[in-house]
Amino acid sequence: MTDITDELLRVHDTLARRENMSSVYIAQNAMAEKPLLDAIAAAILTLGGRHGPIVMTQELLEEPDIRSVVQDRLDQGLLVPGWGSGFVKGGPDRVFDDLDEMLHTDHQSMWKKMAEATRLMHDKDKWVWPNAACYTAAVAVVTSVPSDISPSLFLRGRLDAWVEIYANNYNPRL
Amino acid sequence: MMCISVTGGKQHQRSSVAIAADWFAGIAMPDSDRVVVEVRIQNLTDSWGWVSEGDGSVYLVSLERNQGLRSMLRTLMHELLHVRQYERGTWGGDGEREAEASEVLADAVWISGLI
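In this text, all values refer to a predicted model and were calculated from it rather than measured experimentally. (Residues numbered from 1 in each chain as written. Chains lettered and ligands numbered in written order. Predicted model: local features only at pLDDT ≥ 70, side-chain atom pairs only at ≥ 80, totals over all residues.)

A. Structural detail: the overall build of chain A. Broken down by element type, chain A carries nine helices and zero strands. Mapped from its N terminus to its C terminus, chain A presents α and β elements in the order α-α-α-α-α-α-α-α-α. With respect to the three principal axes, the spread of C-alpha positions in chain A is 55 × 40 × 30 Å. Burial status across chain A gives 38% buried among its 174 residues. Within chain A, residue pairs in contact and separated by at least 24 positions form 79% of the contacts whose partners lie at least 6 positions apart. (Helix = DSSP H or I, 4+ residues; strand = E, 2+ residues; numbered from the N terminus. Buried ≥ 20, exposed ≤ 12 C-beta atoms within 10 Å, placed from the backbone. Contact = placed C-beta atoms within 7 Å.)

B. Looking closely at the overall build of chain B. Looking only at helices and strands, chain B has three helices and four strands in total. Listed N to C, the secondary structure of chain B is β-α-β-β-β-α-α in terms of helices and strands. The C-alpha atoms of chain B give a radius of gyration of 13 Å, which matches the 13 Å a tight globule of 115 residues would have. On the principal axes, the C-alpha backbone points of chain B span a range of 30 × 30 × 25 Å. Burial statistics for chain B: of 115 residues in total, 35% are counted as buried. (Rg over C-alpha atoms; globule rule 2.2 N^0.38 Å.)

C. Inspection of the nonpolar core at higher detail. Judged by nonpolar contacts, the single largest core of 43 residues is most densely connected at Leu8, Ile26, Tyr135, Ala137 and Ala138 of chain A. Elements supplying a minimum of two residues to this core: α1 (4-16), α2 (21-31), α3 (36-44), α4 (54-61), α6 (97-106), α7 (108-123), α8 (132-142) and α9 (151-169) of chain A. No other element matches α8 of chain A, which puts nine residues into this core. Excluding residues that lie within four positions of it along the chain, Ile26 of chain A makes contacts with Ala39, Ala43, Trp162, Ile165 and Tyr166 of chain A. Residues Met2, Phe24, Tyr59 and Val61 of chain B belong to the second largest nonpolar core, which totals 28 residues. (Core = buried A, V, L, I, M, F, W, Y, C linked by C-beta atoms within 7 Å.)

D. Examining unusual backbone geometry more closely. Residues and elements named next belong to chain A. Within the chain, Asp125 stands out as a residue other than glycine whose phi angle is a positive 65°. Note that Asp125 resides in the loop between α7 and α8. Residue Ser144 is not a glycine yet carries a positive backbone phi of 60°. In this structure, Ser144 sits in the loop between α8 and α9.

E. Local environment of the interface of chain A and chain B. Facing the nine residues of chain A at the interface are eight residues of chain B. Broken down by secondary-structure element, the contributors of at least two residues to the side of chain A that touches chain B are α6 and α7 of chain A. Here the side of chain A that touches chain B takes four residues from α7 of chain A, the largest share from any one element.

F. Highlighting the environment of Asp100 of chain A. All names here are of chain A. Tracing the backbone shows Asp100 in helix α6. Owing to 26 C-beta atoms within 10 Å, Asp100 belongs among the buried residues under this scheme. Taking the C-alpha atoms as reference points, Asp100 and Pro35, 65 residues apart in sequence, are found 37 Å from one another.

G. Just the environment of Gln71 of chain A, in detail. Tracing the sequence through the fold places Gln71 of chain A in helix α5 (residues 66-75). The sequence separation of Gln71 of chain A and Pro130 of chain A amounts to 59 residues, and the corresponding C-alpha distance is 16 Å.

H. Representation of the sheet that holds strand β3 (residues 49-53) of chain B within the structure. Residues and elements named next belong to chain B. Pairing is mixed across the open sheet formed by four strands, whose spatial order is β1-β2-β4-β3. Only two strands of the sheet have a single neighbouring strand rather than two, namely β1 (3-8) and β3. The mean angle between the axes of side-by-side strands here comes to 15°, regardless of whether they run parallel or antiparallel. Examined bridge by bridge, β1 and strand β2 (residues 36-42) share six bridges and lie parallel to one another. Along β2, the bridge assignment pairs Cys3 with Val36. Across the sheet, helix α1 (residues 11-28) is in contact with β1 and β2; its angle to β1 comes to roughly 160°. Against the sheet, helix α2 (residues 69-88) contacts β2, β3 and β4 (58-64), and its axis sits at roughly 20° relative to β3. (Pairing = 2+ DSSP bridges. Axes fitted to C-alpha atoms, helices over the stretch in contact; angles between N-to-C directions.)

I. Representation of α7 of chain A in the model. Residues and elements named next belong to chain A. Over its 16 residues, α7 extends 22 Å from the first C-alpha to the last, a length consistent with the 22 Å expected when each residue adds 1.5 Å. Turning to α7, its buried residues number three or more, namely Trp111, Lys113, Met114, Ala115, Ala117, Thr118 and Met121. Where α7 ends, the next residue or the one after it, Asp125, has phi of about 65°, a positive value. (Expected span 1.5 Å × (residues − 1).)

J. Quick peek at the packing of α1 of chain B against α2 of chain B. Residues and elements named next belong to chain B. Across the interface, α1 lies against α2 with an axial gap of 10 Å and an inter-helix angle of 40°. Seen from above, α1 lies across α2 with right-handed handedness. Residue-level inspection shows Gln13, Ser16, Val17, Ala20, Ala21, Phe24 and Ala28 of α1 in contact with α2, the latter providing Leu69, Met72, Leu73, Leu76, Met77, Leu80 and Arg84. Split into classes, the residues belonging to the contact of α1 with α2 amount to 11 nonpolar, two polar and one charged. (Left-handed = near helix turned anticlockwise from the far one by under 90°. Nonpolar A, V, L, I, M, F, W, Y, C, P; charged D, E, K, R; others polar.)

Function-wise, these values are silent; they only describe arrangement.
What follows is the structure in structure tokens.
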């Protein structure tokens, strides 16, 4: 049986092969003939803010009353960290299906928090679903990884794909 | 509301499928008291699921047991949409529209917290 952390890492590997900001930075740095570690550093520096707000999302998921926090953010016209995708609109991203099922089966209280927040947003006509930051934060919470460490889950899952992307785009002529 | 029975599979599959089918019946076929749907969760050789029409308004829905729960719910919704089409005499096409609608329905019941 797949461990939930293993499944999260598998999902990140899949996501890293899409044209998201961090993977694009890897490719662009490789094309500019920057060293691999520079490219990885550039990719890491894309994280945070609206791109992969894992720490913010984990803090949200650790709130005892997520409903009121989400409601407050919506009332203020703010986005909710951990929800919404630039790749899949109008429904959940199927890449998270197995992970979501694992949370549903083995970590019901966390799954219910995520579902409650999602329903609240849908009730407000915001048709967004949990994204990679949300699932990363959720797995961190249920596996007792603190929020100052949890972004490492993102890195662990994406690193192999990043190295491949770099190698595929690195063709030095200088 | 239509009468639904679920057999086969594992306990959590049976209970989830029963809840989802009831939910579907409530929102999509509320006035179908005479419709009977028997769902069997079993090993299928070449598909995730199918539906066959029996006598009168009796339908047999078969679902492949070796699929994830969310996939199973999408398959269930797909087949129940066909039941609805049979009942309304609107069955036709290539199933693409049903596929899209079944995803929306399956996601809605999944996130509802009922399961």
